[in-house]
Amino acid sequence: MTAKTWAYEDFVEGTSLDLGTKLVSAAEIIEFAQEFDAQPMHLDEEAGKASILGGLAASGWHTCAMFMRMLCDAFLLDSTSQGAPGVDYVKWKKPVLAGDTLSGNTTVLARRVSRSKPQIGLVTMRSELFNQRGESVFEFENTCMFLTREAIA
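From a predicted model like this one, the values you see are computed outputs, not experimental measurements. Chains are numbered independently. Their residues run from 1 in the order of the written sequence. Whole-chain, interface and lining totals are the exception, using all residues; otherwise, since this is a predicted model, local features are given only for residues with pLDDT of at least 70 and side-chain atom pairs are given and counted only at 80 or more. In computing side-chain values, all of the structure's heavy atoms are included and hydrogens and water are not.

### A closer look at helix α4 (residues 60-74)
Residues lying three or four places apart along an α-helix face the same way, a consequence of the helix completing one turn every 3.6 residues.
Item 1. Working definition: helices are DSSP H or I runs of at least four residues, strands are E runs of at least two. Numbering for both runs from the N terminus. In a helix, the anticipated span is given by 1.5 Å times the number of residues less one. Between the first and last C-alpha of α4 there are 21 Å, a value that for 15 residues agrees with the 21 Å anticipated at 1.5 Å per step.
Item 2. Only protein chains enter the calculation, and the probe is 1.4 Å; a residue is then buried if its accessible area is under 20% of its type maximum, exposed if over 50%, and partly exposed in between. When we look at burial in α4, the residues that qualify are G60, H62, T63, C64, M66, F67, M70, L71 and C72.
Item 3. Between two residues, a contact is recorded if the distance between any of their heavy atoms is within 4.5 Å. Contact partners of the buried residues in α4: β1 (16-23), α1 (26-36), β2 (86-92), β3 (101-113), β4 (120-130) and β5 (136-147).
Item 4. Identification of polar contacts relies on pairs of N or O atoms within 3.5 Å, with a donor-acceptor requirement for protein atoms, meaning one able to donate a hydrogen and the other able to accept it, and with residues adjacent in sequence counted only if both atoms are side-chain atoms. Here α4 starts with a cap whose side-chain oxygen sits 3.1 Å from the backbone nitrogen of W61, and that cap is S59.

Quick look at the structure:
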């Protein structure tokens, strides 16, 4: 097995990590909504236009899922991640519409080694997604758990 690139020690306070880009299609918005959030504005362009969202809009939960995929692809799958104890907050700031291209970043806010499990480091991160116009559409903050380099040696 190949060693993971990102361990606790690699997450330095103030570091910002690029999450790449993601084109949001109408088909995926509808598919997600049919399965998980079947509100009209997520299923139909006309219903979306008639709503305050202004068009076929991704569910906030779909936005969370897209963010998670972007985070995984950017670094999480190549890390010693042990999951997270929860989410401090999530904000859906603007609608994510069909045809939008999302980009984002994650910034390390704080870190510490667990007192009860010293092989685990706790890293608090704040993430943000933007649409193609540079408008912030999503904010997310939580603490993630990563194994230390010593724990994986």
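### A look at the UniProt feature "domain: MaoC-like" (unreviewed entry) in the protein
Item 1. UniProt positions are given in the numbering used here, feature names are shortened, and annotations may be inferred rather than shown by experiment. Mapped onto this structure's residue numbering, the UniProt feature "domain: MaoC-like" (unreviewed entry) falls at residues 23-115.
Item 2. Helix makes up 39% of residues 23-115 and strand makes up 23%, while its end C-alpha atoms are separated by 41 Å.

### As for the pattern of salt bridges
A side chain of one charge can pair with a side chain of the opposite charge if their charged atoms are brought near each other.
Item 1. What counts as a salt bridge is simple: a side-chain nitrogen of Lys or Arg found within 4 Å of a carboxyl oxygen of Asp or Glu. In total, this model carries ten salt bridges according to the counting rule given.
Item 2. With a shortest N-O distance of 3.9 Å, K49 and E46 are connected by a salt bridge. Pair noted here: K49 and E46 are both in helix α3 (residues 45-50), with a separation of three residues, about one helical turn.
Item 3. Look at K49 and you get partly exposed, because its relative accessible area is 49%.
Item 4. For E128, the salt bridge goes to R126, with nearest N and O atoms at 3.6 Å.
Item 5. Assessed through its relative accessible area of 26%, R126 is described here as partly exposed.
Item 6. What emerges from the salt-bridge pattern is a single network uniting K93, R126, E128 and E139.

### With respect to the pairing of β5
Item 1. Most of β5 sits out of view: eleven of its twelve residues are buried.
Item 2. Two strands pair if DSSP finds at least two bridges between them. By the bridge criterion, six bridges tie β2 to β5 in an arrangement that is antiparallel. In the strand pairing of β5, V87 is matched with N142.
Item 3. When β4 meets β5, the two strands line up antiparallel, connected through eleven bridges. By the bridge assignment, R126 is partnered in β5 with E141.

### Things to note about the sheet that holds β3
Item 1. Ordered by their spatial adjacency, five strands build an open sheet running β1-β3-β4-β5-β2, and the pairing between neighbours is antiparallel. In this open sheet, the two strands that pair with only one neighbour each are β1 and β2. Averaged over all pairs of adjacent strands, the angle between their axes in this sheet comes to 20°, without regard to strand direction.
Item 2. Only the contacting stretch of a helix is used when fitting its axis, a line to C-alpha atoms as for every element, and angles between N-to-C directions run 0 to 180 degrees. Contacting β1, β2, β3, β4 and β5, α4 crosses the sheet at an angle of about 120° to β1.

### Looking at the side chain of H62
Item 1. Looking at where H62 falls in the secondary structure, it is placed in helix α4.
Item 2. Judged by its relative accessible area of 4%, H62 falls in the buried class.
Item 3. Within polar-contact distance, the side chain of H62 engages the side chain of E28 at 3.5 Å.
Item 4. Contact partners of H62, with chain neighbours within four places excluded, come to E28, I29 and F32.

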